[in-house]
Amino acid sequence: MSEAKAAAVRSALAECDGVLVAFSGGVDSAVVAALAHDALGDDAVACTARSETLPAAELDDARRVAEEIGIRHEEVTFSELDNPDFVENDGDRCYHCRTMRLGRMYDRARELGIGTVCDGTNASDPGEGHRPSRIPTGLEVTAEKLTRVEKAETLLRTWGFSQFRVRDHDGLARIEVAPEELDAALDGEFVRAAREHLSDLGFDHVTLDLHGYRTGSV
């Protein structure tokens, strides 16, 4: 973001009595949170929604980034599994998730007396885009599947992979890593560890996607 654009955002935010930023800890929401904190100080709040689809490591990252920015950090909790439309896992599951998440954000903003809620959605992201989770569309989302995916991704993080996904194809684990990390994923020791660990988690088969990590590849 150019300094001119950053200044314009700060100016717009400064006109608000307070702002709650939907905060994941990722680059986009971190930029908005930092600008809001610059403009409003203690009247800016970052808020992270905790649910079954938020890996513990990402929540830890959000807490750390908020602390680095210096912005007050709130957390709200909701369960996507309470929504039968989300569990059914149709093509609109991300809409259902976003609706629930932002609903909790609005509730917390009202509790804090804040009238403005914003997020860090990138303008280049497709407004009606399909943003799948780790479970392919059409397969039921369950707590068991979400848990084993998170544990599987913890293994990859422990092995030092930086960009990756584990997709759960109804018992088949599809590992995706960045193209530059494929050699590491083909290491014999890692292959054995991945096969044994993911089998223990309940996956029937473990595969490596040779195309590498691709957003939305489910």
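The coordinates are above.
The structure displayed is predicted, hence computed values, not measured ones.

Draft legend 1. Inspection of the pattern of salt bridges at higher detail. Summed over the entire model, instances satisfying the criterion amount to 17 salt bridges. A salt bridge links Arg-108 to Glu-74, with the shortest nitrogen-to-oxygen separation between them at 2.6 Å. Of this pair, Arg-108 sits in helix α5 (residues 93-111) while Glu-74 sits in strand β3 (residues 72-77), and the two are 34 residues apart along the sequence. The same class applies to Arg-108 as to Glu-74, namely buried. One salt-bridge network, held together by shared partners, links Arg-50, Asp-60, Arg-63 and Glu-75.

Draft legend 2. Structural view of the sheet that holds strand β6 (residues 172-177). A sheet is described by the order of its strands in space; here 3 strands give the open sequence β5-β6-β7, paired in mixed fashion. Every interior strand has two partners, whereas the edge strands, β5 (164-169) and β7 (205-208), have only one. On average, adjacent strands in this sheet sit at an angle of 20 degrees to one another, irrespective of strand direction. Note that β5 and β6 share 6 bridges and pair antiparallel. When the bridges of β6 are listed, Arg-167 appears paired with Arg-174. Relative to the sheet, helix α6 (residues 143-158) contacts β5 and β6, its axis offset from that of β5 by approximately 150 degrees.

Draft legend 3. Local environment of the side chain of Glu-176. Mapping Glu-176 onto the fold places it in strand β6. Here Glu-176 falls in the buried class, since its relative accessible area comes to 0%.

Each value, and the rule that gives it
Residues numbered from 1 in each chain as written. Predicted model: local features only at pLDDT ≥ 70, side-chain atom pairs only at ≥ 80, totals over all residues. Heavy atoms only, no water. Salt bridge = Lys/Arg side-chain N within 4 Å of Asp/Glu carboxyl O. Helix = DSSP H or I, 4+ residues; strand = E, 2+ residues; numbered from the N terminus. Buried < 20%, exposed > 50% of the residue type's maximum accessible area, 1.4 Å probe, protein only. Pairing = 2+ DSSP bridges. Axes fitted to C-alpha atoms, helices over the stretch in contact; angles between N-to-C directions. Contact = heavy atoms within 4.5 Å.

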